[in-house]
Amino acid sequence: MKIESVDQPREGPGRCGMRIWLAIPAVAFLCVCKLLAQNPQPHIGYVYPAGGQRGKTTLVTVGGQFLDGATNAYVSGTGISAKVIELVKPMSMGQFNTLRDKFLELQQRKQAAMRRGQRQTGAQPSSTNQWTAEDEKTLTEIREQILKYAPNRQAAPAVAETVKLEVTIQQDASLGDREIRLGTRSGLTNPLKFCVGALEETSKPHSTPPNPALDRFRERFTRAPVLTQTNTEIRIALPTVLNGQILVGGVDRFRFSARRGQRLVFVAQARALIPYLADAVPGWFQSTLAVYDAKGRELAYCDDFEFNPDPVLFFEVPSTGEYFLEVKDALYRGREDFVYRITAGELPFITSIFPLGGRPGETTTIELEGWNLPVKTLTRTNASATASVECVLLDTGKCPSNSMPFDVDDLPECVELEPNDIANIAQEIVQPIIVNGRIGTSGDRDAFRFRGKAGDKVVVEVRARRLNSPLDSVVELRELSGAVVARNDDFPDRSAALITHQADSYIVTALPSDGDYLVCITDAQQKGGAEYSYRLRVSSPRPDFSVRVVPSSVNMRAGATFPLAVYALRKDGFDREITLRLGGETHGFTLSGTRIPPGSDRVRVTLTAPQNPLTDPINLTIEGLAIVGGKPVARAAAPADDMTQAFAYHHLVPATELKVAVIGRQAMRLPSLILSSEPVRIALGGTTRTRFNLGSRNPGGRFELELDDPPEGIELESSAISDGTAEISLKCDGSKAKAHLKGNLIFKVVSVGGQGTRNRQAAQRRSPIGYLPAIPFEITDSGSSRAQK
C-alpha cells in the first residue's frame, strides 16, 4: 500500500462521513464473521501457592478470567516445568438452574421408585416410573458437575476461573523469582511471580469465598458438610515457608515452638507477589504480622518494613515455649488474590549495607547489618563493565539471605567524612564524583563543597530509596553566601515502578557564577541511623536512556499486526531520537514505526507476525539505538506491563520476558502498507488528505478504518474510496495539537455488518478485525502545509 499526502486548508470540502469503506472478498468476509469480535485477553490474578521448594513437585492453583482452552503453562528460566491438570470454569446461573431442576426431577423419580420398593438398578425399564442404573449414573454426573462448577456470586469475576498445575522444580534449579504464564485458546496470559525456595513449604488449602447457593444444594442433597471459611490454626516447625490466602475478615494463625534467645525472622511477601490491584485501595494486599505467646498476649507486631509495604518481623524469643504467628490484612479485607508467602525461622536477613555501590571491575568491602549474619563484612568484585544494579547476598548454606541492590557506576567515588554538617567544615569534593555517605543520626546534615563556573550545568542526584535505604532525601545547591540555587525533595523515576514513595532527590541547573558551591543533604523527616545510606552524584549531565515495551505478553494470528507501546525513559536531559529494532532472532516478525522522536517519551509501534503460526510462544527482544556522547549506544528494551493501582494510578511494572504467541491464521489477509521514507505531514489547524493505494480487491464485504488512540487534536474526519484507492481526511485541531509533533498513526480495521444481511441492526454491527502497520506522521504549521500542495 503506497501513501501519498495532499494537504488542504480547513475551509475545504464538507464532511462526507467518518468511515472508510473498503472491499474484501466475499468468502473471506463470511469466514471472518465468526471471528469479528476480538476475544477478551486471558488474564491471571493470582498463583497459589506462589512458590515451591526445589527438588519437589507442587500442586498450584492459578486464578483468572477468560482461560478457556488452557493447556500449557510457561515458566521463565530453567530447571522448572509445569503441566496443566484441569480447568475449572464456573457455569452461568442459567446453566446452574437448568442442571439443578434436572437433578430435582431425577431425585423425585428416584424417591418415588424407592417408595414402591423397586430396585435402583437392574433390567431396562418398562415405564417412566422405574429407576435404572443409567438414571443413577446421570444423577451422579449432574451432582458432580454442580458441586464442581457451581457459580459463586461472591467470588471476584476476575479470578473466578481456576487452572490446576503440577509444577516440578529440579534440585539444581536456581533460587529466586520466576514468571509463570498460562497458554490458552486465546493465547498467553500476563505473567505473575513464582518463587523457587530452599526451605520446606507449609501451605494452607486453596481458599474460595462462601457460596450460599452451593451450600444449600450440598446441605440438601449430599452428605458432605457445608464448607465455611474459618480462621485457621496450623502447627508448623521452623524454619519453613508459609503459604496462605486471606479472605474477607480472615486471620491465619501458625503455632510453633521456640527456645529462649532465638532470633527469629518472619519475612512476608504479599505486595511483592502481586504489586498492584486495580480495584482495591491502597492498591495491594497490606499484610500484617504479629507474634503471641501461649496466653494470647501480643509480643511483637509489624505492618511494613521501613518504606516497603510487606512486613518483616524480628522476634527475639523471651522464654522457651509455644508461640503463635498471626497473619491478616490491615483492614480485614480479603479475597482469593490476597496471597502471601512468609519465610520464617532463625534465618539470615540483611537490613542494610554500606556503601551502596562501587566501581566496575573493582573490589569493594561492604559493611553488613542485620539478623543472624555469620559475618559483618563482605568483599566482592564488581563484575559489571558498565553501569548497572547488581545484588548482594550471603549464602550461608541451606538458606541464603535476602538480597540487597548494589549500584555499579564508573564515576570516581569517595566516602563521606564527618564532621561536615555546616559550610565552614564542608567536605571538599571535585566533580564528577559519587559520594558514599550516611545520615548517621536524627537531624544529621552533610555538606560538600565544590568549585564551578558560570553557565556550567550541574546534576545533583541522590540514589538511596532505589537502593533499599530508608532515607527520604532533601538536597540543596547553595552559594557560599547561603543563597539557594536549587532545592529538591522527591523526584519520580518511572523505571522504579515498585517503589511506593519516590523519595530520591534530583537537581539539574546552570551555575549562576564562578566560585564555590555547597551541596547539602539531609532526611526530610529528620531521621537517621546506620541504615540511612546514600550515593550522592555531583557531575555534569550524563545523557542516557532506557526503554520499556508494553505489554509483556502478546497474542497474534499469523500475518496479523499488533500495537505495542514503547516508553523512552530519558536521563539527564537526553532528548535525541531513538531508533527501535528487533534484536537477536526475529522469528519472521517485523516492527513498524521504529522511531521515537526527539524529546518524546512514548510512541506506539506495531509488530507484524510471520505468515505461518508458531508451535510454541517465542521470546522477542526489542532494542533502542541512539547517539549518546557522540557514540552509538544500544539498549535492550525491558518488557513491562501497565498496571493500574486503586482504580486510578498507572505503573510500568517490569517483566523478565517479552513473550509472543502466534495462535492460528487470520481469516482474511489485510492490506499491507508500502511506506515511503517520509512521514505523512498533517497541517496544523487544517485538514490533510492522504491517499492509500489498496491494490486490486474483489468486491464483497466491507470494513472501515478507525484511528486507534490518536494523538491529541488529530481525528479522522472523512473518507472516500474508488478504483482501489482510499482517500482519508485527517483533521488537526490547532488549539489542541502541538506543532512539529512526530509519532505514529495506527489504524484499526473494523468490519461493518454482513454481506447481504437484511437486519438493520446486524448491518450496522461493528467488530474489530485487526490493525494496519504503524504510519509515521509529523504535524506541520499551516505555511508548510500550503507549500506541500
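Quick caveat, the model's predicted, so the values are computed rather than measured.

(A) Representation of the overall build of the chain within the structure. Per the secondary structure count, the chain includes six helices and 58 strands. Here the chain holds 789 residues, and 50% of them are scored as buried. Across the chain, the fraction of contacts at a sequence separation of at least 24, relative to all contacts at a separation of at least 6, is 73%.

(B) Representation of the pairing of strand E30 (residues 433-438). Counting buried positions along E30 yields six of six residues, so the element is predominantly enclosed. Across the two faces of E30 the burial is the same, with Ile433, Val435 and Gly437 and Ile434, Asn436 and Arg438 all buried. Pairing between strand E28 (residues 413-415) and E30: three bridges, direction parallel. When the sheet's bridge partners are listed, Cys414 is paired in E30 with Val435. When E30 meets strand E37 (residues 533-539), the two strands line up antiparallel, connected through six bridges. Note that in E37 the partner of Gly437 across the bridge is Tyr534.

(C) View of the sheet that holds strand E38 (residues 544-550). The strand order across the open sheet formed by six strands is E42-E44-E40-E38-E47-E48, and the pairing between neighbours is mixed. Each end of this open sheet is capped by a strand with a single partner; those strands are strand E42 (590-592) and strand E48 (649-654). Between one strand and the next, the sheet's axes are offset by a mean angle of 40°, whatever the strand orientation. When strand E40 (residues 561-571) meets strand E44 (residues 602-608), the two strands line up antiparallel, connected through seven bridges. Within E44, the residue paired with Pro563 across the bridge is Thr606.

(D) Geometry of the pattern of salt bridges. Under the criterion given, the structure shown has 46 salt bridges. With a shortest N-O distance of 2.7 Å, Arg341 and Glu201 are connected by a salt bridge. Within this pair, whereas Arg341 is found in strand E21 (residues 339-345), its partner Glu201 is found in strand E12 (residues 201-203), the two being separated by 140 residues in sequence. Note on Glu201: relative accessible area 22%, which makes it partly exposed. Of the charged contacts in the structure, one is a salt bridge between Glu316 and Arg263, with a shortest N-O distance of 3.7 Å. Remark: Arg263 occurs in strand E16 (residues 263-269) and Glu316 occurs in strand E19 (residues 312-316); sequence separation between them is 53 residues. Looking at Arg263, the relative accessible area reads 28%, which means it is partly exposed.

(E) Expanded view of unusual backbone geometry. Going from Phe354 to Pro355, the amide bond is cis rather than trans, its omega being 0°. Positive phi values are uncommon outside glycine, yet Asn468 reaches one of about 70°. With respect to the helices and strands, the residue Asn468 is situated in the loop between strand E32 (457-463) and strand E33 (473-479). Assessed through its relative accessible area of 33%, Asn468 is described here as partly exposed. Residue Asp709 is not a glycine yet carries a positive backbone phi of 50°.

(F) Here's a closer look at the environment of Asn152. Relative to the helices and strands, Asn152 is located in the loop between helix H3 (133-149) and strand E8 (161-169). Along the backbone, Asn152 and Pro210 are 58 residues apart, and their C-alpha atoms lie at a distance of 7.9 Å. Contacts of Asn152, omitting those with residues within four sequence positions, involve Pro209, Pro210 and Asn211. At 3.1 Å, the side chain of Asn152 and the backbone oxygen of Pro209 are in polar contact.

(G) A look at the sheet that holds strand E18 (residues 298-302). Within the open sheet, the five strands sit side by side as E13-E15-E20-E17-E18. Their pairing is mixed. Each edge of the open sheet is held by one strand with a lone partner, namely strand E13 (233-235) and E18. Taken pair by pair, the neighbouring strands of this sheet meet at an average axis angle of 20°, ignoring direction. Pairing of E13 with strand E15 (residues 251-258), which is carried by three bridges, proceeds in the parallel orientation. Looking at the pairing, Glu233 lines up with Arg253 of E15.

(H) Spotlight on empty space enclosed by the protein. Summed over all chains, the structure comprises two cavities of 30 Å³ or more. Roughly 40 Å³ of internal volume is contained in the largest cavity. In terms of lining, the largest cavity is formed by Tyr46, Val47, Ala50, Leu192, Lys193, Leu273, Ile274 and Val339. Those elements giving two or more residues to the lining of the largest cavity turn out to be strand E3 (43-48) and strand E11 (192-197). Residue composition of the lining of the largest cavity, by class: seven nonpolar, no polar and one charged. Put simply, the second largest cavity is a space of about 30 Å³.

The rules behind the values
Residues numbered from 1 in each chain as written. Predicted model: local features only at pLDDT ≥ 70, side-chain atom pairs only at ≥ 80, totals over all residues. Heavy atoms only, no water. Helix = DSSP H or I, 4+ residues; strand = E, 2+ residues; numbered from the N terminus. Buried < 20%, exposed > 50% of the residue type's maximum accessible area, 1.4 Å probe, protein only. Contact = heavy atoms within 4.5 Å. Pairing = 2+ DSSP bridges. Axes fitted to C-alpha atoms, helices over the stretch in contact; angles between N-to-C directions. Salt bridge = Lys/Arg side-chain N within 4 Å of Asp/Glu carboxyl O. Polar contact = N/O pair within 3.5 Å; in protein donor to acceptor, adjacent residues only side chain to side chain. 1 Å grid on protein atoms, 1.4 Å probe; cavity = no way out; pocket = protein on both sides within 12 Å on 5 of 7 lines; lining within 4 Å. Points joined across faces, edges and corners; volume = space filled by probe spheres on them. Nonpolar A, V, L, I, M, F, W, Y, C, P; charged D, E, K, R; others polar.

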